[in-house]
Amino acid sequence: KILAGGKQIVLGGTVSDNVIEGTQDIKGGAANNNTVDATGVQNVISGTATGNTIGGTQNVNGGIATNNIVENKGVQNVVAGTVSVTTLENGGSQVVSGGVVSETTINEGSQEVHAGQVNDTIINAGTATYQGGTIKTTTLNNGTANFQNGTIQDTTINAGTASFQG
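The following paragraphs examine the structure supplied in this document. Sequence order sets the numbering: in each chain, residues are counted from 1 along the sequence as written. Where local features are concerned, this predicted model is filtered to residues with pLDDT of at least 70; where side-chain atom pairs are given and counted, the filter is 80 or more; whole-chain, interface and lining totals use all residues. Values shown for side chains rest on all heavy atoms present in the structure; no hydrogens or waters enter the calculation.

### Considerations on the overall build of the chain
- Per the convention used, a helix needs a DSSP run of H or I reaching at least four residues, while a strand needs a run of E reaching at least two, with both numbered from the N terminus. Counting its secondary structure elements, the chain contains 0 helices and 14 strands.
- Taken from the N to the C terminus, the helices and strands of the chain come in the order β-β-β-β-β-β-β-β-β-β-β-β-β-β.
- Radius of gyration here uses only the C-alpha atoms, and the compact-globule reference equals 2.2 Å multiplied by the residue count raised to the power 0.38. By the compact-globule yardstick of 15 Å for 166 residues, the chain fits well, its C-alpha radius of gyration being 16 Å.
- Referenced to the eigenvectors of the C-alpha coordinate spread, the extents of the chain come out at roughly 45 × 25 × 20 Å.
- Exposed residues in this analysis have more than 50% of their type's maximum accessible area, buried residues have under 20%, and partly exposed residues fall in between, with area computed by a 1.4 Å probe over protein chains only. Looking at the chain as a whole, 40% of its 166 residues are labelled buried.
- Throughout, a contact is declared for two residues whenever any of their heavy atoms are within 4.5 Å. Residue pairs at least 24 apart in sequence account for 0% of intrachain contacts in the chain once pairs closer than 6 positions are excluded.
- As displayed, the chain has an accessible area near 6,800 Å², and 45% of this comes from carbon and sulfur atoms.
- Asp and Glu are treated as the negative residues and Lys and Arg as the positive ones, with His and the ends of the chain left uncounted. In this description, the location of a charge corresponds to atom NZ of lysine, CZ of arginine, CG of aspartate or CD of glutamate. Each charge class in the chain can be summarised by its mean position, and for the 5 positive and 11 negative side chains these summaries are 10 Å apart. Accessible surface is estimated by sampling points in the Shrake-Rupley manner with a 1.4 Å probe; for residues, cover comes only from the protein chains shown.

What follows is the structure in structure tokens.
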């Protein structure tokens, strides 16, 4: 357990099954199946973060983050790197300002895209707002998608509301 005010730096190897109330910096190696509590921060600088549950903040500034759940008002900030197979639940949000993000499922959460590339997003409930970047293959099953700017390709609207501007 990494308590509030504590910090773990991962330079190599694998760390698993931690509860993070403080800070975890992943600078190499892997961090798997950790829980980031509301006060916790996980910084992915290089290396891999897999199977984590984010109730606090995950900052992806490089490396790879895959198979993560962002929930309970947690936030995943993507600046660079590769993010795939993310589920946004119960008020969880993803903010993309760079990098490549693929296979995000929004279930009562939100996605906000300013730049970067976003592929294969499924919106079941919640809101997606696209203010820039390249948006490929969005499926809207319910909820709201606001396409304000950027390059948009292959959008399917099964239910819900999509608005297109600019």
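### Observations regarding unusual backbone geometry
- Within the chain, N72 stands out as a residue other than glycine whose phi angle is a positive 50°.
- Its location among the elements puts N72 in the loop between β8 (57–70) and β9 (75–89).
- Judged by relative accessible area, which is 44%, N72 ranks as partly exposed.
- For N90, which is not glycine, the phi torsion reads 45° and is therefore positive.

### Regarding the environment of S102
- With respect to the secondary-structure elements, S102 resides in strand β10 (residues 93–130).
- Given a relative accessible area of 16%, S102 falls into the buried group.
- Sequence spacing of S102 and N119 is 17 residues, and the spatial spacing of their C-alpha atoms is 4.6 Å.
- Beyond its immediate sequence surroundings of up to four residues, S102 is in contact with V83, S84, V85 and N119.

Coordinates in, geometry out; function isn't part of it.
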